[in-house]
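# Remarks on the overall topology
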Amino acid sequence: MNNELTARKPASSRPDYRDRLIDGKKIAAEIKEEVRQEVSALKDRGQEVTLAVVLVGNDSASQVYVRNKEKACDFTGIRPLTYKLNEDTKEEDLIHLIQELNEREDVNGILVQLPLPRQIHEDKVLNLIRPDKDVDGFLPVSVGNLSIGRPGFQSCTPQGMIELLKRSGISIDGKHAVIVGRSNIVGKPMAMLLLRENATVTVCHSHTKNLRELTRQADILVAAIGKPKFFHKEDVKEGAVVLDVGMNRDENGKLCGDCDTEDLLPVVSRITPVPGGVGPMTIAMLMRNCLYSLRLKQDLAD
Ligand code: GUN
């Protein structure tokens, strides 16, 4: 046997495939910089952009998300108006706050951080948000507009994934996209956005038979299943592009996605890491949606 072939290459010359990782942090930073410049130009013309963020209760993950949204506002120059309400807030008090924010001329976007405490009916509260301030893109009217290809707010995470593909030079047209997960804020809107970009779309969920047979057919795989390191190299096609929406903890308590990234890297053409892939894009797109709300207001005024 040829020893040269069987000998392991020194670590330094072995490929580590790092160039296959899609740097979501860098792309999100570019988008936030674009928003910052637009907000600054608006300020020069005497216009301010304001995002109201409502946090109810003590959920620790929500507190981190809200802090990150405030930080992004600080960077972009969008004025954050944060309301922190007690865990035992009554539904009617939250409703009054939303109504007040709806009416305020100086508030462009309203975001109610989820989940809400048990005593508050989530749909009832969210559906009160004025459609032209729905920066999360969660309202039925926003979802409906997206479904029929009309302009409107789009859910931030799927919108961020499309942006990741486009800014990485990955074409979507004619590709087979397989989405695993059918949530209202990721899987379903992602299917609509990919259709809009002329992909052929398969949506899989917990009742799907032969899941792995389907994921192996994907040119673009969207993993939004919520199970740590669920997908391995056998589950993807050679050269596939993988977008990992998972945000889980592995057996050592370390943050990980729905994919075993290290296992997939030698097989895929591109993959988003966790953390630093899809996650940072959500807030960047929220910032962009705040600008969009201003545009909507101007269109309505014209
Ligand atoms: N909770 C977790 N993610 C989100 C989000 O994108 N928007 C809101 N409103 N709540 C969340």
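Residues numbered from 1 in each chain as written. Predicted model: local features only at pLDDT ≥ 70, side-chain atom pairs only at ≥ 80, totals over all residues. Heavy atoms only, no water.

## Some points on helix H2 (residues 24-44)
Since the α-helix turns once every 3.6 residues, residues separated by three or four places project in the same direction. With 21 residues, H2 should reach 30 Å at 1.5 Å per residue; the first-to-last C-alpha distance of 30 Å fits that figure. Taken as a whole, H2 has its buried residues at Gly24, Ile27, Ala28, Ile31, Val35, Val39 and Leu42. All buried residues of H2 lie within an arc of 115 degrees about the axis, which places them on one face of the element. Exposed residues lying more than 90 degrees from the buried face of H2 are Lys25, Lys26 and Asp44. The backbone nitrogen of lysine 25 lies 3.3 Å from a side-chain oxygen of the residue at the head of H2, namely aspartate 23. One or two steps after H2, the chain reaches glycine 46, where phi turns positive at roughly 85 degrees. (Helix = DSSP H or I, 4+ residues; strand = E, 2+ residues; numbered from the N terminus. Expected span 1.5 Å × (residues − 1). Buried < 20%, exposed > 50% of the residue type's maximum accessible area, 1.4 Å probe, protein only. Arc of directions from axis to C-beta. Polar contact = N/O pair within 3.5 Å; in protein donor to acceptor, adjacent residues only side chain to side chain.)

## A short note on the environment of asparagine 102
Inspection of the secondary structure assignment puts asparagine 102 in helix H4 (residues 91-103). Here asparagine 102 falls in the buried class, since its relative accessible area comes to 9%. In this structure, the C-alpha to C-alpha distance between asparagine 102 and aspartate 132, residues 30 residues apart in sequence, is 9.3 Å. Ignoring any residue separated from it by four or fewer positions in sequence, one finds asparagine 102 in contact with Ile110, Leu128, Ile129, Arg130 and Lys133. Within the local environment of asparagine 102, its side chain forms a polar contact with the backbone nitrogen of arginine 130, the two atoms lying 2.9 Å apart. (Contact = heavy atoms within 4.5 Å.)

## Considerations on the sheet that holds strand S2 (residues 79-85)
Taken in spatial order, the three strands line up as S2-S1-S3 in an open sheet, and their pairing is parallel. Each edge of the open sheet carries a strand with a single partner, namely S2 and strand S3 (109-112). If you compare each strand with its neighbour and ignore which way they point, the axes differ by 15 degrees on average. Relative to S3, strand S1 (residues 50-56) runs parallel, the two sharing four bridges. In the sheet register, alanine 52 faces S3, and the bridge partner there is isoleucine 110. Helix-sheet contacts for H4 involve S1, S2 and S3, and the interaxial angle to S1 is about 180 degrees. (Pairing = 2+ DSSP bridges. Axes fitted to C-alpha atoms, helices over the stretch in contact; angles between N-to-C directions.)

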